[in-house]
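# Observations on the three-dimensional arrangement
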Amino acid sequence: MSERKTVKAACRSCHGGCSVLLTVEDGRVVKIRPDPDGPLNKGKMCIKGLRGMELLYHPDRLKYPMRRAGARGGCEWQRITWDEAYDEIAENLAKIKESWGAEAICVAQGTGRHMFHHVPRFANTLGTPNWIEPGFAQCFFPRVQVGMMCFGASPIADYYGEVKPACILVWGHNHEVSSAGSECQFLIGEAIAAGAKLITVDPRKTPSAKRSEHWLRLRPGTDAALALGMLHVILNEGIYDKDFVDKWCYGFEPLRQRVQQYPPERVAEITWVPAQQIIDAARMLATTRPATLEWGVGIEHTPNTTQTVRAVALLMAVTGNYDVPGGWLEDLGVLPAADHNNHLLSEEQGKKRLGESEYRILAGSHNPFPSAHIPSVIEAAISGQPYPIKSFLHFGNNGILSNADAHKTARALRAAEFNVCMDLFMTPTAQLCDIVLPAAAWMELDEIHCAPDWGHTILTQKQVVRTYECKSDEEVFCELSARMGLAYGAETPSDIYDEQLRRAAEQYPALEGIDFARMKQISYLQIPYTYKKYEQRGGFRTPTGKVELYSTIFEKLGYDPLPYYEEPPESPYSTPELLKAYPYVLTTGGRRPQYFCSEGRQMESFRRAHNFPQVEIHPQTAAAHGIENGDMVYISSPRGKIIQKAWVHDGIDPRVINCEYGWWFPEQAGPEHGCFTANCNVLTSMEAPFDPCMGTYQLRGLLCTIEKAMDYVPGDRTDVPPRGW
């Protein structure tokens, strides 16, 4: 007689916090559905989670550890045991540490899911300061760092109380298509249905832009100028929250003086947004309360990232929408992150971190969660300067797809002596490694996490099945550290989860006595939000005790304490000679709801729905090149050329081209698997100048040109007409 049970769990197909019900029969998952009692998703779920069984039981999953059998990149692999894999990894890393020092090892990870805080813990335990994550300077963490330095916290939009936002400023965030925390798309949808007004800042007419009272169609890479222009309107017209600013903000007058440089008329010339639209949007944001901010990676893709994020964030401060019901919430941080074992990395070793002295907010000792600078790491692997990187250890990291300048990343991997990759599938990055390890999917591992990020809900993911010889990354860190005689501080991941919950209970007594075993029984736990926490504790967690419009931390570190706009290094105005050959402004963030970054291209159901990346082109521009909807198009930049399929529509400026991100073709031959065919990061730049604080490189606002691919012969994967939203 078969055994059938339903288990409450949490989907981890993205960064989000969607509660799910998993039906398991005879040790096999047979059904996935959203949990109607889920505290965040409330019975809703995106396609990535709903198709979880297709991923879990995909025949192309990595099934057991493998060793490279021939030349690197030769696609010849030999099955080995876990013991053999651990022994070979330990032996090779020990040799590198002895010959070159632990800093010659780079530990690389991808998106911030279950293993996110465990990877830097392993890097610190190993003794290397060179931990990297492709988005750390390009995605989310510039916003986190700015939040901590300006507000003393990492803010989030408030959809959780009885009061919903009356106005939502959606900036560089296409939540219905690419929300990294997928429950967000449902929460913001509820707020819109309840009557929230929208202001959308985006070069493209996204679904939220179509619903908005104000769509500000800015030139890619000019977000800081637009935010400063809106601040100019709000401060000069006196429609800011005077009580909040007077009592709780530091540096108002210097900020007021700075924004005089950005009148709407000048900002209109920079951003291509008409001055009256800037004025109208600023007025609506300042006078419609409560207002909140949904921001995305679109503001983190230029060498002016840090000051861009600061300028946008300060809109919430001067309008008094910080930590009020329906506004922009100070995070609760209910669940502390897994301990990073920072104590195991000496101060001397920390100073060896690549980028430590140049990009202090990213890599310096000021940052409690520092990352090495990816372009510096890649360059060190290729040139050996300032010291060599001899090994890359990848955990859920497909850097050839996710780093800028895909060809340069591939060269770095080929130059290294010993590489390891742990992933769900054989990727182009894994093909350039020496040992490949099979990673557990989200239904095959235990985890606790906080959602939204640093928020108020603890969710539990439970291992309900285990296929082949797959393991979770966290298990491997524990086991490999033990094999190498390293003081990881935990025998199993559960030890770490128990410690996190113990620390959480120190701040929230309601968690007293709850360990991981108990969390697996109750599935999720929520702490009620409270507001205006700065009043309760007598100030903000900043050096001045106030919101720092003028940042004393930036000033101390030698950076401009006030936000400013800087033209992207490659743009129509910075490089006018280049514009002659590359007459269009390129943005590279296009996504689809089926895919998460570079993941999901093996999934037949996803590929049937959207099988080839699309380049968005205005009809006027397409006509000038003889391109029609559905044609194959070459997009070229000074760094390379790719092909995508034309999506011709009028929701984009005729001077702007948008490419989809994350594309490769697992069905094509390795080791490349088509990773240089349609990958937008063939077009992007990893070269200086970088953001002086975070080391960010330029991913959008670059220059490109297009042409119809007259010589392209379509294959069976590219014959479907393009689909819009």
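Up top you'll find the structure we're talking about.
First things first, this report covers the structure right here in the doc.

The rules behind the values
- Residues numbered from 1 in each chain as written.
- Predicted model: local features only at pLDDT ≥ 70, side-chain atom pairs only at ≥ 80, totals over all residues.
- Heavy atoms only, no water.
- Phe/Tyr/Trp six-rings, centres within 6.5 Å; stacked < 30°, edge-to-face > 60°.
- Helix = DSSP H or I, 4+ residues; strand = E, 2+ residues; numbered from the N terminus.
- Buried < 20%, exposed > 50% of the residue type's maximum accessible area, 1.4 Å probe, protein only.
- 1 Å grid on protein atoms, 1.4 Å probe; cavity = no way out; pocket = protein on both sides within 12 Å on 5 of 7 lines; lining within 4 Å.
- Points joined across faces, edges and corners; volume = space filled by probe spheres on them.
- Nonpolar A, V, L, I, M, F, W, Y, C, P; charged D, E, K, R; others polar.
- Pairing = 2+ DSSP bridges.
- Contact = heavy atoms within 4.5 Å.
- Axes fitted to C-alpha atoms, helices over the stretch in contact; angles between N-to-C directions.
- Disulfide = S-S within 2.5 Å.
- Expected span 1.5 Å × (residues − 1).
- Arc of directions from axis to C-beta.
- Patch = residues over 30% accessible without salt bridge, like charges linked within 9 Å, V, L, I, M, F, W, Y side chains within 5 Å.
- Areas by Shrake-Rupley, 256 points an atom, 1.4 Å probe, with all protein chains shown as cover.
- Salt bridge = Lys/Arg side-chain N within 4 Å of Asp/Glu carboxyl O.
- Lys, Arg positive; Asp, Glu negative; His and termini not counted.
- Charge placed at Lys NZ, Arg CZ, Asp CG, Glu CD.
- Polar contact = N/O pair within 3.5 Å; in protein donor to acceptor, adjacent residues only side chain to side chain.

### Quick word on the packing of aromatic side chains
Following the criterion strictly, the structure yields 33 aromatic pairs and no others. Here the aromatic rings of Phe244 and Tyr534 are separated by 5.8 Å at their centres, their planes lie at 75 degrees, and the arrangement is edge-to-face. With Phe244 in helix α10 (residues 242-248) and Tyr534 in helix α23 (residues 533-537), this residue pair connects regions lying 290 residues apart in the sequence. Judged by its relative accessible area of 6%, Phe244 is buried.

### What to know about the layout of surface pockets
Reported here for the second largest pocket is a volume of approximately 320 Å³. If you list the elements that add at least two residues to the lining of the second largest pocket, you get α4 (118-126) and α15 (347-350). Broken down by element, the lining of the second largest pocket gets its largest block of residues, three residues, from α4. The residue makeup of the lining of the second largest pocket, split by class, is eight nonpolar, ten polar and four charged.

### Regarding the pairing of strand β9 (residues 167-171)
Of all five residues in β9, five are buried; the element is thus mostly enclosed. Neither face of β9 is left uncovered, since the one carrying Cys167, Leu169 and Trp171 and the one carrying Ile168 and Val170 both have all their residues buried. Pairing of β9 with strand β10 (residues 197-201) involves five bridges; the strand directions are parallel. Its bridge partner being in β10, Ile168 is matched across the sheet by Leu198. In terms of strand pairing, β9 meets strand β13 (residues 291-295) through five bridges, oriented parallel. The residue bridging Ile168 from the neighbouring strand is Thr292, located in β13.

### Description of the environment of Ser571
Within the element layout of this structure, Ser571 appears in the loop between α24 (552-557) and α25 (576-581). Judged by its relative accessible area of 0%, Ser571 falls in the buried class. Taking C-alpha positions, Ser571 is 28 Å from Ala412, a pair spaced 159 residues apart along the chain. Ser571 has contacts with Arg219, Pro576, Gly701 and Leu703, leaving out every residue within four places of it along the chain.

### Overview of unusual backbone geometry
Cis rather than trans, the peptide bond between Arg289 and Pro290 has omega equal to -5 degrees. A cis amide bond, omega -15 degrees, links Ala451 with the succeeding residue Pro452. Note that Pro452 resides in the loop between β18 (447-451) and β19 (457-461). One non-glycine residue, Trp272, lies in positive phi territory at about 70 degrees.

### Describing the sheet that holds strand β20 (residues 524-526)
Strand order in the open sheet formed by three strands is β18-β19-β20, and the pairing between neighbours is antiparallel. Strands with a single pairing partner mark the edges of an open sheet, and in this sheet they are β18 and β20. Pairwise comparison of adjacent strand axes, ignoring direction, gives a mean angle of 15 degrees for this sheet. Inspection of the sheet shows β18 paired to β19 by five bridges, in the antiparallel sense. If you follow Ala451 over to β19, its bridge partner there is Thr457.

### Quick look at the state of the cysteines
Formally, a disulfide is one covalent bond, and it connects the sulfur atom of one cysteine to the sulfur atom of another. Per the stated rule, a full pass over the model turns up zero disulfides. No disulfide involves Cys421; its sulfur sits 4.9 Å from the nearest other cysteine sulfur, which is in Cys433. The buried category is assigned to Cys421, whose relative accessible area is 0%. The cysteine Cys470 is free of any disulfide, with Cys421 supplying the nearest cysteine sulfur at 13 Å.

### Examining helix α20 (residues 473-484)
One turn of the α-helix equals 3.6 residues, which is why residues spaced by three or four share an orientation. Across its twelve residues, α20 extends 16 Å between first and last C-alpha, which sits within 8% of the 16 Å expected from 1.5 Å per residue. Most of α20 sits inside the fold, with nine of its twelve residues counted as buried. If you check which residues of α20 are buried, you get Asp473, Glu474, Glu475, Val476, Phe477, Cys478, Leu480, Ser481 and Met484. On its buried side, α20 packs onto α3 (82-100), α4, β15 (391-395), β16 (418-423), β17 (435-438) and α21 (493-507).

### So, helix α11 (residues 252-259)
For α11, the set of buried residues is Phe252, Leu255, Arg258 and Val259. Down the axis, α11 shows its buried residues gathered within 125 degrees of arc, on one side only. Structurally, α11 contributes buried residues whose contacts are with α9 (223-236), α10, β12 (249-250) and α14 (305-318).

### Some thoughts on the sheet that holds strand β11 (residues 214-216)
Strand order in the open sheet made by the four strands is β11-β10-β9-β13, with parallel pairing throughout. Here the strands that pair on one side only, and so sit at the sheet edges, are β11 and β13. The sheet shows a mean angle of 15 degrees between the axes of neighbouring strands, direction not considered. Of the strands in this sheet, β9, β10 and β13 touch helix α7 (residues 183-193), which is tilted by about 140 degrees from β9.

### Focus: a negative patch on the surface
Side chains of Glu491, Asp495, Asp498 and Asp515 sit close together on the surface and give a patch of like negative charge. One can find Asp495 in helix α21. When its relative accessible area of 35% is taken as the criterion, Asp495 is described as partly exposed.

### A closer look at the side chain of Ser371
You can see Ser371 is positioned in the loop between α16 (360-363) and α17 (374-383). There is a polar contact of 3.3 Å between the side chain of Ser371 and the backbone oxygen of Trp131. Among residues more than four places away in sequence, those in contact with Ser371 are Trp131, Ile132, Glu133, Phe136, Arg353, Leu362 and Ala363.

### Digging into the pattern of salt bridges
Pairing is possible between side chains of opposite charge, provided their charged atoms come close. Evaluation of the coordinates by the stated rule reveals 42 salt bridges. One salt bridge in this structure joins Arg72 and Asp434, with 2.7 Å as the shortest N-O distance. Highlighted residues: Arg72 in the loop between β4 (66-68) and β5 (77-79) and Asp434 in the loop between β16 and β17, separated in sequence by 362 residues. Asp434 gets classed as buried once you look at its relative accessible area, which sits at 7%. Here Glu577 ties to Lys580 by a salt bridge, and the two come within 3.0 Å at their closest N and O atoms. Of this pair, Glu577 and Lys580 both sit in helix α25, separated by three residues, roughly a single helical turn. Across the pair, Lys580 and Glu577 agree in class, each one exposed.

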